[in-house]
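Results of the structural survey
So the chains spell out like this:
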Amino acid sequence: MREIITRQRLTTFLTHLLCITILFVLPELLSGLANPGRPIKPWIYTKTFVFLGVFYVNYYWIIERSFNKSRPFLRFFGYNILVIIISLGLMYLIWRCKGHLGGKTPLRHHTSPTELMYLTKAAGMLSHDAVMLILVIGFATALRIGDKWIKLDRRRQDLINYQREEELKNLKSQLNPHFLFNTLNSIYALIAISPSKAQEAVHELSRLLRYVLYDTSATVSLRQELDFIANYINLMKIRLSPSLNLSVHLDAGNAENLRVAPLLFITLIENVFKHGIHTPEIPLKISVTAHDHTITCTTSNGYAPSDTQHPLPKEDSEGGIGLANLRRRLDLIYGKDANLKVDSSGDIYTVTLTIDTSAGEENV
């Protein structure tokens, strides 16, 4: 980890150095190459270190010290005015002493230059350097604010992801007891009728709980989910009348290895058995199919239009888990790639869930 941080800091430093060189040194170099008769001024390139100093003083010290305290703009401009004055004074000294840096003495065309000549020449040169220093300060400020914005945006996204994961865990933790409660009710009804079937149901329940508690993670294969649904349906058949008109179609097709969020379809299938048995004359239909990256789950059962608990299942009308839980999970995991459609025309209640996992499974 420490090596990664060191490498990132070195990369940042070299990037800054390259940018400053391109923006503030390269133009002087190209100007000299474009004018072969113009003498090379080595002292000019020593100003690069002044620019670098101003840049990093702002990047690492002034911006942090100014904007984390009261009166940020006053502090920022005050510090930078002081930095500019010091930098211009240093550049003036370098210019006056440039003969020691490999160049010729200032105002070499005058045999006896006066101090006024030096000051006039220096004023023009330093005005140019002052503009360059302001640009360096602006460049450092823009980069620092940009870095801070990127870090804040990354932290915001991490927080959103964390909240999303926690909400999904909470929804799943609600679903598990809900599923267990409904299943235990089914087994409880069997105990008085057929203890042997109740014993068989407990065995089936243990297989289901093993999947719910131990075999599920963020995603499971579609084949695992279909096996779980098949086991649940077998458990429901134990307590229902053999004459019940039930149609089940579970077919993963060529997509059995698709990754899907676990326990997405169980709410719909639970509702089929919970509400459909009140109208035994209407067939119960459960279908889960897949083609390429699209999974479709369709359930159909009868309901009594005069019953105030319908067409929405009771737990949804009371604000419980049910479809509200399912809708929220779909929205968090798949967003617009999942579509849940409810149709209560006539005396048949049909729910169709379509999931496009080509994009959605990346968000699970």
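These remarks concern the structure in this document. Because the structure is a prediction, the values reported are computed rather than measured. Every residue gets a number counted from 1 within its own chain, in the order that chain's sequence is written. Side-chain atom pairs in this predicted model are given and counted only at pLDDT of 80 or more, local residue features only at pLDDT of at least 70, and totals for whole chains, interfaces and linings cover all residues. The side-chain figures draw on all heavy atoms in the structure; neither hydrogens nor water molecules are used.

Below, the discussion takes up helix H7 (residues 266-276). Of all 11 residues in H7, 10 are buried, a share of seventy percent or more. We call a residue buried when its accessible area falls under 20% of the maximum for its residue type, exposed when it is over 50%, and partly exposed in between, using a 1.4 Å probe and counting protein chains only. Where helices and strands are cited, they refer to DSSP runs of H or I of at least four residues and of E of at least two residues respectively, numbered from the N terminus. What H7 keeps buried is the set Ile266, Thr267, Leu268, Ile269, Glu270, Asn271, Val272, Phe273, His275 and Gly276.

Stacked, tilted and edge-to-face pairs are distinguished by plane angle, under 30 degrees for stacked and over 60 for edge-to-face with tilted covering the rest, among Phe, Tyr and Trp rings (Trp via its six-membered ring) whose centres lie within 6.5 Å. Going through the model one piece at a time under the given rule, you end up with 8 aromatic pairs. Summarising the aromatic geometry, the rings of Tyr56 and Tyr60 are spaced 5.7 Å apart at their centres and angled 10° between planes, so their arrangement reads as stacked. Of this pair, Tyr56 and Tyr60 both sit in helix H2 (residues 42-67), 4 residues apart, which is roughly one turn of that helix. Its relative accessible area of 15% is what places Tyr56 among the buried residues. Members of the aromatic cluster, connected to one another through ring pairs, are Phe55, Tyr56, Tyr59, Tyr60 and Phe139.

Another aspect to go through is the sheet that holds strand E6 (residues 338-343). What makes two strands pair is DSSP finding at least two bridges between them. Ordered by their spatial adjacency, 5 strands build an open sheet running E2-E4-E5-E7-E6, and the pairing between neighbours is mixed. At either margin of the open sheet sits one strand with a lone partner, and together these are strand E2 (246-251) and E6. The average angle at which neighbouring strand axes cross in this sheet is 10°, direction not considered. Taken together, the 7 bridges between strand E4 (residues 284-291) and strand E5 (residues 294-302) define a ladder with antiparallel strand orientation. With axes taken as lines fitted to C-alpha atoms, and helix axes fitted only over the stretch in contact, angles between N-to-C directions fall between 0 and 180 degrees.

So, on to the pairing of E6. Looking at chain direction, E6 and strand E7 (residues 348-356) are connected through 6 bridges and run antiparallel. Along E7, the bridge assignment pairs Asp343 with Thr350. Here E6 folds back onto E7, and the loop between the two strands holds 4 residues, one of which, Gly346, carries a positive phi near 65°.

In this antiparallel pair of consecutive strands, E4 and E5, the connection spans 2 residues, and Asp292 shows a positive phi of 55°. Note: E5 against E7, 9 bridges, orientation antiparallel. Its bridge partner being in E7, Ser300 is matched across the sheet by Thr350.

Moving on, we get to a nonpolar patch on the surface. For patches, a residue must show more than 30% relative accessible area and have no salt bridge; joins then use 9 Å for like charges and 5 Å for nonpolar side chains, namely Val, Leu, Ile, Met, Phe, Trp and Tyr. Working definition of accessibility: Shrake-Rupley area with a 1.4 Å probe, residue cover restricted to the visible protein chains. Only one rule defines a salt bridge in this text: a Lys or Arg side-chain nitrogen within 4 Å of an Asp or Glu carboxyl oxygen. Taken together, the side chains of Phe67, Phe73, Phe77, Ile81 and Ile85 make up a nonpolar region of the molecular surface, amounting to roughly 540 Å² of accessible area. Ranked by residue count, the leading element in the nonpolar patch is helix H3 (residues 72-96), at 4 residues. Structurally, Phe77 is set in helix H3.

Turning our eyes to something else, we now look at the environment of Val131. With respect to the element layout, Val131 can be found in helix H4 (residues 115-193). For the pair Val131 and Ile84, spaced 47 residues apart in sequence, the C-alpha to C-alpha distance is 9.9 Å.

For Leu263, which is not glycine, the phi torsion reads 60° and is therefore positive. Mapped onto the elements of the fold, Leu263 is located in the loop between strand E3 (259-260) and H7. Note on Leu263: relative accessible area 3%, which makes it buried. For Asp292, which is not glycine, the phi dihedral falls at a positive 55°.

With that settled, the discussion passes to the environment of Leu90. When you line up the elements, Leu90 lands in helix H3. Spatially, the C-alpha atom of Leu90 lies 9.1 Å from that of Lys47, the residues being 43 residues apart in sequence.

Moving on, we come to the nonpolar core. In plain words, nonpolar cores are sets of buried Ala, Val, Leu, Ile, Met, Phe, Trp, Tyr and Cys residues tied together by side-chain atoms within 4.5 Å. Membership of the largest hydrophobic core comes to 50 residues, with the highest contact counts inside it found for Leu264, Phe265, Phe273, Leu330 and Tyr334. The residues touching Phe265, leaving out its near neighbours within four places in the chain, are Glu225, Ile229, Ile295, Cys297, Leu353 and Ile355. Counting residues in each nonpolar core, the second largest holds 27 residues, with Tyr56, Ile63, Phe76 and Phe139 among its members. Throughout, a contact is declared for two residues whenever any of their heavy atoms are within 4.5 Å.

It is worth spelling out the pattern of salt bridges at this point. Oppositely charged side chains can pair when the atoms bearing their charge come close. This structure, assessed with the given rule, holds 6 salt bridges. Beyond isolated ion pairs, a larger network of salt bridges with shared partners links Glu64, Arg144 and Lys148.

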